[in-house]
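Structural characterization, general
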Amino acid sequence: MSTVRTTCPYCGVGCGIAVTDGVLNGDTSHPANLGRLCSKGAALKDTLALPDRLLSPMIHGRESDWDEALDLVAAQFTETIRKHGPDAVAFYVSGQFLTEDYYVANKLMKGFIGSANIDTNSRLCMASSVAGHVRAFGEDVVPGCYEDLEETDLAVLVGSNTAWCHPVLYQRLMAAREKRGTKIVAIDPRRTSTCETADLHLPLAAGSDVVLFNGLLTHLSRAGALDHSWIAQRVSGFAETMNAAAISAPSIEFIASATGITPEDLLQFYELFARIQRVMTLYSQGVNQSVMGTDKVNAILNCHLATGRIGRAGMGPFSLTGQPNAMGGREVGGLANQLAAHMSFSAKDLDRVGRFWGASNIAAKPGLKAVDMFKAVRSGRIKAIWIAATNPAASMPDANHVRAALEHCPFVVVSDAWPTDTSVHGHVVLPAAAWAEKDGTVTNSERRISRQRAFRAAPGGARPDWWMFAEVARRMGWGREFSYPNPASIFREHAALSAFENGGTRIFDIGALADCDDAAYDALEPVQWPCPKGRTHNASSRLFGDGRFPTPDGRARMVPVSGLDNELPALDAALKLNTGRIRDQWHTMTRTGRVPRLMTHVAEPQIAIHPRDAAMCGIAPDGFARIENERGSMVMRASITPAQRPGEVFAPMHWTDQFSSAGAIGRLVHDKTDPISGQPDLKGSAVHVTAVKMLWTGLLLRRPAATPDLGEDVYWSKAPADSGFAFDLAGWTELASVIRSEAILRRLLQIPAEAELVSYSDPKRSVFRYAGLLGGRLEACLFLAPVGVVLPSKEGAAKLLGRTLETAERLSLLAADAQGCMTAPDRIVCACFAVGGNSLATAIRNKNLKNVAEIGSALQAGTNCGSCIPELKKLLKDSVRNREPMDAAI
Ligand code: SF4
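Re the overall build of the protein chain
A tally of regular secondary structure across the protein chain gives 30 helices and 34 strands. Computed over C-alpha atoms, the radius of gyration of the protein chain comes to 27 Å, within 12% of the 29 Å expected from 2.2 N^0.38 for 890 residues, which places it in the range of a compact globule. Taken along the three principal axes of its C-alpha coordinates, the protein chain extends 85 × 65 × 60 Å. With 890 residues in all, the protein chain has 64% of them scored as buried. Of the contacts formed within the protein chain by residues at least 6 apart in sequence, a portion of 71% connects residues at least 24 apart. Carbon together with sulfur atoms contributes 52% to the accessible area of the protein chain, which is approximately 30,800 Å² in total. Between the centroid of the 93 positive side chains of the protein chain and the centroid of its 92 negative side chains there is a distance of 2 Å.

Laid out in structure tokens, this is it:
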């Protein structure tokens, strides 16, 4: 029995996974998760054999081979550079890259092509934290480690739905709270699952974080909680910052009015922070994704610097990174404004990196950041772009303009493992190896480098990203500089560069790993940086506790910040659109959207809206809404919930054209960015919301995944079922306009001409049911009915798909009573054991279940990955309050 130890490819927690004879489990020896996995990690085994992989290079839609495709990419990039200069080309890469992929792509663009036009989707995730760290500490460094979660007495979670987005860290925090009584304060405009379990929830108005933390800073001063001796010796900028804070947050009444938080709750938070020494502030996209994200980060860092609560057990600011290897990308210079190994574009650093790489044409200045990069594609300044392992046609703000830019770009290369909204724009599409097939390293939020190890062969012609970039470099004339035989050789060079002429000036130094041979690389245990030559490097490390910072004077810098980012949206009567993650999906759903059990928790794109706003817009419970602004329009189901602040709406970032007629919410998001970090404001766009009155609803089940062609007046949303796909349908024009002929019906069902089509129709009631059978086996079925008539349950009907049906079963299906087809749907809460909210509420009530452990004993829910525990606690709370259980769907 052999075990391969690797790392989860989703979020920045960086959990270890042990694969033994094809069975995946949490790696009990990995320090990030100690064996735990969340719902996404626990379902990874279901993503291994996903269909529809890209298997061969494609050129203009025609199947090709690697030589032809790579020759073409190299020739087009070379020719574009010759004619228009190096800044006419760009790479847009990904936090899904392994460090080795990142290193090679960055070296090629910055060292040899001679442009810094390489940026990454991590720009959308944590660029403001990077900029804030550099301003305050002199280098992009997270001071703490995960063990601090077990040693803190107060955890302040800001703009972070940790329970859903970093679930394993949240479970560690919950376990610590059980032991030591850690207090938890959640600061978030929405009442998320995380807020449900917090001791105090501060529902601040979106964008008012700087005022909130400036108010905290002035309170800490008044309360005598500042460490003046530490400030005198270790910090600069104190007086200016205190002045700015006093002006920005002059009184508790002012702060209450700006943030929308009651003075009582504000004071409770401020007093907790002042009183408790061991305090951590953990923050994520709610802080970073803003036009003043960098200032928000520094407002948080200022409070820790002024109290000296940094770099010691259980205390400090902590940026939770979204992606598995956002941190690795930062190490190698994957952002357009970094060089490599935490070096900048200063003359000294350019000279140093240029000599190390043997690069005669090193980029002299920073390149274009993500939003500006795609604007340059649109304006024609960039004429050739390579997009790797990311889906900007869905995930970028103002996504319609990104699509238009790619449509008009003379040469677009897309490398990915699956087709996406972006790959349809690729002149050349290159098949990339996926997670289980790739070897390399990733770095998680606590600076811990872990090996990702392949445990399956890549299918067809799929190849790792580093290999593609090295092959193109070779074809462009730099064969010697890119002659890497394997990822280990790339890692050694990366580690050596981190130590090159370092002399303690840069904290990012992993020189101790530069001499590891292939066997040592293969056996590399998770290790936190810094690990310079000669230092033992297996213990958890904290930084800055000694008060030394990598700035010219060795002091940290408090940064004066002020202002609000919550002015009323520009459109009249508009609501503020916040976008973000849901529990069981990852990014644009290329993997998680194809796993049936991960689509049961939230099956459709939903806009969360407060009851007051829903009433003003005329939206009924379970109704639909049109969300629109000058950039576009889309229809989604509405989730009416008091968890949402009035005046603000929330939509998930995950859905794309592959999964719903609504498509990517990025289409409606404005392209404003933070002026320092370049991070887009994905949480502050203005939208109009109006009710859409559906006339009919429907359910389509069929085997093929292809998106249905139903015209512009029909809403659809796709979810995988065990033997095919289920589509929820709804329309706001007469049903007759959808099914106009048998040919259209057969196309919708995607059944061949020889398939048998059976039907039931009641034109008077406008109820129609169809089933397509091939050799007696159910290939597809379609149920249509006016709004108000109950449709068969998706789960019940899906069980019949692919099965041979006897005559009685066919009749039963058309009568919609087969296999419990008429059972009312039950939204799944525990994805691991498929336990729904109604079943849970009934069991809690009837069996008098009092806690999560009792629910686990009775129904198994919450006993595997634990991602649903916050929702179980809410159901228990609701049961006590005798309230409706599912009032906060997303
Ligand atoms: S918390 Fe979940 S998604 Fe994140 S790394 Fe761990 S298992 Fe993967």
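Further notes follow.
Describing the sheet that holds strand β17 (residues 440–443)
With respect to topology, three strands assemble into an open sheet ordered β17-β18-β19, the strand pairing being antiparallel. If you trace the sheet from one side to the other, it starts and ends with β17 and β19 (527–528), each paired once. Sheet topology note: the strand β18 (residues 448–452)/β19 ladder contains two bridges and is antiparallel. The residue bridging isoleucine 449 from the neighbouring strand is valine 527, located in β19.

With respect to the site of the ligand
Taken together, Cys8, Tyr10, Cys11, Val13, Gly14, Cys15, Leu37, Cys38, Lys40, Gly41, Pro167 and Val168 make up the full set of residues near the ligand. Breaking the shell around the ligand down by element, the ones donating at least two residues are α1 (39–42) and α7 (167–180).

Structural notes on the nonpolar core
By size, the foremost hydrophobic cluster in this structure holds 125 residues, and its most contacted members are Phe77, Phe91, Ile187, Phe213, Phe269, Trp386 and Phe469. Examining the composition of this core, we find that eight residues originate from one element, helix α3 (residues 99–113), more than from any other. Ignoring sequence-local partners within four residues, the contact set of phenylalanine 269 consists of Val156, Val185, Ile187, Leu200, Leu202, Phe213 and Leu216. In terms of nonpolar packing, the next biggest core, distinct from the first, is built from 45 residues, Ala155, Tyr170, Met174 and Met280 among them.

Quick look at the packing of aromatic side chains
One pass over the structure, following the stated rule, counts 28 aromatic pairs. Ring geometry for tryptophan 435 and phenylalanine 455: centres 5.4 Å apart, planes at 80°, overall edge-to-face. Note that tryptophan 435 is positioned in the loop between β16 (428–431) and β17 and phenylalanine 455 in the loop between β18 and α21 (465–475), a separation of 20 residues in sequence. Centre to centre, the rings of phenylalanine 482 and tyrosine 484 are 6.3 Å apart; their planes meet at 90°, and the pair counts as edge-to-face. Assigned by exposure class, phenylalanine 482 and tyrosine 484 land together as buried.

A short note on the pairing of β17
A two-sided burial pattern is seen for β17, the buried positions comprising Gly440 and Val442 on one face and Thr441 and Thr443 on the other. Summarising the sheet, β17 and β18 pair through four bridges and their orientation is antiparallel. Paired with threonine 443 across the strands is isoleucine 449, a residue of β18. If you look at the hairpin formed by β17 and β18, you'll find four residues sitting between the two strands, and arginine 447 has a positive phi there, around 70°.

Some words on the environment of glutamate 100
When you line up the elements, glutamate 100 lands in helix α3. Spatially, the C-alpha atom of glutamate 100 lies 8.8 Å from that of valine 442, the residues being 342 residues apart in sequence.

Digging into the sheet that holds strand β1 (residues 3–7)
Strand order in the open sheet formed by three strands is β1-β2-β3, and the pairing between neighbours is antiparallel. The open sheet has two edge strands, β1 and β3 (23–26), and neither has a second partner. Averaged over neighbouring strand pairs, the angle between their axes works out to 30° when direction is ignored. Examined bridge by bridge, β1 and strand β2 (residues 16–20) share five bridges and lie antiparallel to one another. Note on β2: the bridge partner recorded for threonine 7 is glycine 16.

Quick look at the state of the cysteines
Tallied over the full model, the rule gives zero disulfides. Residue cysteine 195 stays outside any disulfide, its sulfur separated by 11 Å from that of cysteine 165, the closest cysteine. With a relative accessible area of 1%, cysteine 195 lands in the buried category.

Some points on the pairing of strand β15 (residues 411–416)
Taking burial as the measure, the six residues of β15 include six buried ones, the bulk of the element. Along β15, one buried face is formed by Phe411, Val413 and Ser415 and the opposite face, lined by Val412, Val414 and Asp416, is buried too. Relative to β15, strand β14 (residues 384–388) runs parallel, the two being bridged by five bridges. Residue pairing in the sheet places tryptophan 386 in a bridge with valine 413 of β15. The sheet contact formed by β15 and β16 spans four bridges and is parallel. Looking at the pairing, aspartate 416 lines up with proline 431 of β16.

Observations concerning the environment of proline 552
Inspection of the secondary structure puts proline 552 in the loop between β19 and β20 (556–557). In this structure proline 552 comes out as exposed when scored by relative accessible area, which is 84%.

Considerations on helix α22 (residues 487–499)
Here α22 contains 13 residues, and its C-alpha end-to-end distance of 19 Å stays within 8% of the 18 Å for a straight helix at 1.5 Å per residue. What α22 keeps buried is the set Pro487, Ala488, Ser489, Ile490, Phe491, Glu493, His494, Ala495, Leu497 and Ser498. Positive phi appears at glutamate 501, one or two residues downstream of α22, with a value of about 50°.

Some points on the packing of α3 against α21
One can describe the packing of α3 onto α21 by two numbers: an axis separation of 8 Å at closest approach and a directional angle of 20°. Looking at the two axes, α3 sits roughly parallel to α21. Here the hand of the crossing between α3 and α21 comes out left-handed. The segment α3 lies against α21, with Glu100, Asp101, Val104, Ala105 and Leu108 engaging Asp465, Trp466, Phe469, Ala470 and Ala473. Here the residues of the contact of α3 with α21 sort into seven nonpolar, no polar and three charged.

Focus: unusual backbone geometry
Comment: phi is negative for the bulk of residues other than glycine, and the bulk of peptide bonds are trans. Cis geometry marks the peptide bond from tryptophan 529 to proline 530, where omega comes out at 10°. Position of proline 530 among the secondary structure elements: in the loop between β19 and β20. Positioned with a positive phi, leucine 34 is a non-glycine residue whose angle comes to about 45°. Judged by its relative accessible area of 47%, leucine 34 is partly exposed. Positive phi is not limited to glycine here, since glutamine 860 has a value of about 70°.

Here we look at the side chain of asparagine 502
Considering the arrangement of structural elements, one finds asparagine 502 in the loop between α22 and α23 (518–522). Residue asparagine 502 is classed as buried on the basis of its relative accessible area of 2%. A polar atom in the side chain of asparagine 502 sits 2.9 Å from the backbone oxygen of serine 498.

Structural notes on the environment of threonine 422
Within the secondary structure layout, threonine 422 lies in the loop between β15 and β16. For threonine 422, a relative accessible area of 0% translates into the label buried. When sequence neighbours within four positions are dropped, the list of residues in contact with threonine 422 reads Ile387, Thr390, Asn391, Pro392, Ala393, Leu406 and Val414. A distance of 3.0 Å separates the side chain of threonine 422 from the backbone nitrogen of alanine 393, its partner in a polar contact.

Structural notes on the confidence of the model for the protein chain
Averaged over all residues, the pLDDT of the protein chain is 92; the fraction at 70 or higher stands at 96%. In the predicted structure, residues 883–890 sits below a pLDDT of 50 and forms 32 contacts with residues beyond four places in sequence or in another chain.

A look at the pattern of salt bridges
Going through the model one piece at a time under the given rule, you end up with 57 salt bridges. In this structure, lysine 296 and aspartate 209 form a salt bridge, with 3.6 Å as the shortest nitrogen-oxygen distance. Of this pair, lysine 296 sits in helix α15 (residues 293–307) while aspartate 209 sits in helix α9 (residues 209–222), placing them 87 residues apart in sequence. Of the two residues, lysine 296 and aspartate 209, both sit in the buried class. Across the pair glutamate 471 and arginine 474 runs a salt bridge whose closest N-O atoms are separated by 2.8 Å. Highlighted residues: glutamate 471 and arginine 474, both in helix α21, separated by three residues, approximately one helical turn.

Rules of the game
- Residues numbered from 1 in each chain as written.
- Predicted model: local features only at pLDDT ≥ 70, side-chain atom pairs only at ≥ 80, totals over all residues.
- Heavy atoms only, no water.
- Helix = DSSP H or I, 4+ residues; strand = E, 2+ residues; numbered from the N terminus.
- Rg over C-alpha atoms; globule rule 2.2 N^0.38 Å.
- Buried < 20%, exposed > 50% of the residue type's maximum accessible area, 1.4 Å probe, protein only.
- Contact = heavy atoms within 4.5 Å.
- Areas by Shrake-Rupley, 256 points an atom, 1.4 Å probe, with all protein chains shown as cover.
- Lys, Arg positive; Asp, Glu negative; His and termini not counted.
- Charge placed at Lys NZ, Arg CZ, Asp CG, Glu CD.
- Pairing = 2+ DSSP bridges.
- Near = heavy atom within 4 Å.
- Core = buried A, V, L, I, M, F, W, Y, C linked by side-chain atoms within 4.5 Å.
- Phe/Tyr/Trp six-rings, centres within 6.5 Å; stacked < 30°, edge-to-face > 60°.
- Axes fitted to C-alpha atoms, helices over the stretch in contact; angles between N-to-C directions.
- Disulfide = S-S within 2.5 Å.
- Expected span 1.5 Å × (residues − 1).
- Parallel < 35°, antiparallel > 145°, perpendicular 65-115°, else oblique.
- Left-handed = near helix turned anticlockwise from the far one by under 90°.
- Nonpolar A, V, L, I, M, F, W, Y, C, P; charged D, E, K, R; others polar.
- Polar contact = N/O pair within 3.5 Å; in protein donor to acceptor, adjacent residues only side chain to side chain.
- pLDDT = per-residue confidence, 0-100.
- Salt bridge = Lys/Arg side-chain N within 4 Å of Asp/Glu carboxyl O.

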